[in-house]
Amino acid sequence: MTSAIRDAAPARALPRAALGEWLKRRGKWLIILPPLLFLLVFFLIPFGFALVISLADTAVRVPPFTDILSVSPDWHINLTLNLGNFKYLFTDEVYGLSYLYSLKTAFFSTLICLALGYPMAYAIARTSKSTQSVLLLIIILPFWTSFLLRVYALEGIIRETGLLNTALLWLGVVHHPLQIMRTTLAVYLGIIYSYLPFMVLPLFATLEKLDHSLLEAAADLGSPPWRTFVDVTLPLSMPGVIAGSMLVFIPAIGEFVIPTLLGGPDNLMIGRVLWDEFFGNRDWPVASAVAIAFLVLLVGPIALYQHYNTKQLES
Amino acid sequence: MENRISPFLITILCIGIAVLYIPILVLIGYSFNASSLVSVWGGFSTSWYTQLVHNTQILDAAWLSLKIGVVVSTGSVILGTLAAISLVRFKIFRGRLLLTGMVNAPLVMPEIITGITQLLLFISMLHLFGWPHRGFTTIVIAHIAFCSAYVTVTVQSRLAGADRSLEEAAMDLGSGPVRAFIDTTLPGIAPALASSWLLSFTLSLDDLVISSFVSGPGASTLPMVIFSKVKLGVSPDVNALASLVICLVGVCVLFAGHLMRRTERQRVLDAQMAER
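Residues numbered from 1 in each chain as written. Chains lettered and ligands numbered in written order. Predicted model: local features only at pLDDT ≥ 70, side-chain atom pairs only at ≥ 80, totals over all residues.

Q: Can you tell me about the overall build of chain B, naming the residues and giving the values?
A: A count of helical and extended segments in chain B gives eleven helices and zero strands. Walking chain B from its N terminus toward its C terminus, one meets helices and strands in the order α-α-α-α-α-α-α-α-α-α-α. Principal-axis analysis of the C-alpha atoms gives chain B an extent of 70 × 65 × 35 Å. The buried share of chain B, taken over its 276 residues, is 43%. Counting only contacts in chain B whose residues sit at least 6 apart along the sequence, the fraction spanning at least 24 positions is 74%. (Helix = DSSP H or I, 4+ residues; strand = E, 2+ residues; numbered from the N terminus. Buried ≥ 20, exposed ≤ 12 C-beta atoms within 10 Å, placed from the backbone. Contact = placed C-beta atoms within 7 Å.)

Right, here's the structure in full:
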């Protein structure tokens, strides 16, 4: 009787000990796997699906494209790849033109954001700690507010009967209301207005860490302030400049809301073309091909951003 | 240092902040305009707000967006925190680089690309497995994918700065690693979790592009309804609705900022106590 109990106890303890041992060695996977698998399935693998569908053909059915892999009755697996969608991107010039136009718009908007954001970040970094936190909050608040609503708010200012034109007419600066809505200028204003906080925040993060003794040393050695800025401040803040510029540049290329609401028919950015291809023409294979081609061109800027971002996190 | 800011810098800073805020303030101001002509001031009135209450399309969309927001931010905080723990605590594991990339990529990926690829996944999954039907479920999944990235980044920096000596002491006294983490480190990062919950909520509440792609017929979120109205031009009832959403988001962000600042102060205090 007693020996039976004695024998049973280790037998019961054994699985528990084994479980404990297993948890000790492999338990970390219980933490790593859920986010890893979720992002893998719902973020990364979708790109694979887009690639596959970009190689399919349009079909009148649900979903509106052909299967790439098909199994014939005699168990032969057929792989039908259709490169026509990618060829189409080069033959129809609307894709190339809208992509170049998006690049141009994003590039100049980024430059203007940098020109406006750098002095702002620099000024914030120079204030006292308590002022800093208030100013940062002021910058962060619009950062989280939706683009849609902020673009809509901007429309209230720049449209024909908006605040800007009312003020200019009242002051007698102009005699007819300025046409800003549905022009290229409106798209630029929209992007700069929406993305400015994305530029200021990373710039502030690097400028705040700037070692002031270096600036004092340069001044002591007789360097004029502008020289100190060019030789010391600017090179040291490069990681912030690049991170901020990429945070503006990359999403601005794919911007959809701003050119749609503020731009005219000429402001054909790639995001709008993609949207129309999907919801208007319902040509999913071509839209996937546009998205894949777009993504390939973004790999460089994204890699650049990741590189400087990790560098900044490590320091 | 503080007294050497040039007037030029202060001017630019003021212009920048004015540029960021004037349109929003004007929008909120005009939402109280009694006149239905958006450019003429017809006196103070809250009639556009009372009209919203009777608009079932907007109420349905708002309710859907709030439900999605709550589920998304809860799911994002869980997944994002797990990802942050993985990246901070387990220095070497297979897939670390992959996880780092997948956590950072959604922050810069143009929404339109994420939206299209996720839609294609959901369509193919529905075709193959009969799940998920486009609507609530797909919007929640798509939002968690990008919101959890923001959670990870926020919690990661907090966790990396957390003092591990208490946790090690708990483990020396016989606590298991999970128990020790929950008892010592978790309370320290709890405000960061709460603030990333709020931020995920605002991100989800605001998202238009990804929702538009992955949503199905009959499931219109608040931004989708606003977008379809805004395309027709500026109107007073949208002014009122937009002001409400902006204020809700503003409160969430301010509260999140307050939580983060409080933990920061607490950490500085703790560090000072430890030095004594």
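Q: Outline the interface of chain A and chain B, supporting the account with residue identities and numerical values.
A: At the junction of the two partners, chain A supplies 74 residues and chain B supplies 65 residues. Considering every element that reaches the side of chain A that touches chain B, the biggest residue donor is helix 2 (residues 28–54) of chain A, with 17 residues. Of the residues belonging to the side of chain A that touches chain B, the class tally is 55 nonpolar, 14 polar and five charged. (Nonpolar A, V, L, I, M, F, W, Y, C, P; charged D, E, K, R; others polar.)

Q: Mind laying out the environment of A:E155, listing which residues take part and the relevant values?
A: Checked against the element boundaries, A:E155 lands in helix 6 (residues 147–158). Since 21 C-beta atoms lie within 10 Å of it, A:E155 is described here as buried. Here the alpha-carbon distance between A:E155 and A:G190, two residues 35 residues apart in the chain, equals 8.8 Å. With near-sequence residues (within four places) excluded, A:E155 lies in contact with A:M181, A:L261, A:L262 and B:V234.

Q: Explain helix 6 of chain A to me, using residue names and the numbers behind them.
A: With twelve residues, helix 6 of chain A should cover 16 Å at 1.5 Å per step; its first-to-last C-alpha distance of 16 Å lies within 8% of that length. When you tally the buried positions in helix 6 of chain A, you get twelve out of twelve residues, the bulk of the element. (Expected span 1.5 Å × (residues − 1).)

Q: Quick one: what's the story with helix 5 (residues 129–144) of chain A, residue by residue and with numbers?
A: Here helix 5 of chain A is 16 residues long and its end C-alpha atoms lie 22 Å apart, about the 22 Å a rise of 1.5 Å per residue gives. Residues of helix 5 of chain A that are buried: A:L135, A:I139, A:P142 and A:W144. Elements that come into contact with the buried residues of helix 5 of chain A comprise helix 4 (93–126), helix 6 and helix 8 (184–208) of chain A together with helix 1 (7–30), helix 8 (177–206) and helix 11 (236–275) of chain B.

Q: Pulling in residues and values, what's your account of the nonpolar core?
A: Membership of the largest hydrophobic core comes to 158 residues, with the highest contact counts inside it found for A:A121, A:L274, A:V290 and B:I116. Among the elements that line this core, the one with the most residues is helix 8 of chain A, at 15 residues. Taken domain by domain, this core gets at least three of its residues from each of domain 1 (2–79) and domain 2 (90–314) of chain A. Apart from the residues lying within four places of it in its own chain, the contact partners of B:I116 are A:A50, A:L274, A:F278, A:A287, A:A291 and B:F213. (Core = buried A, V, L, I, M, F, W, Y, C linked by C-beta atoms within 7 Å. Domains from an automatic or database assignment.)

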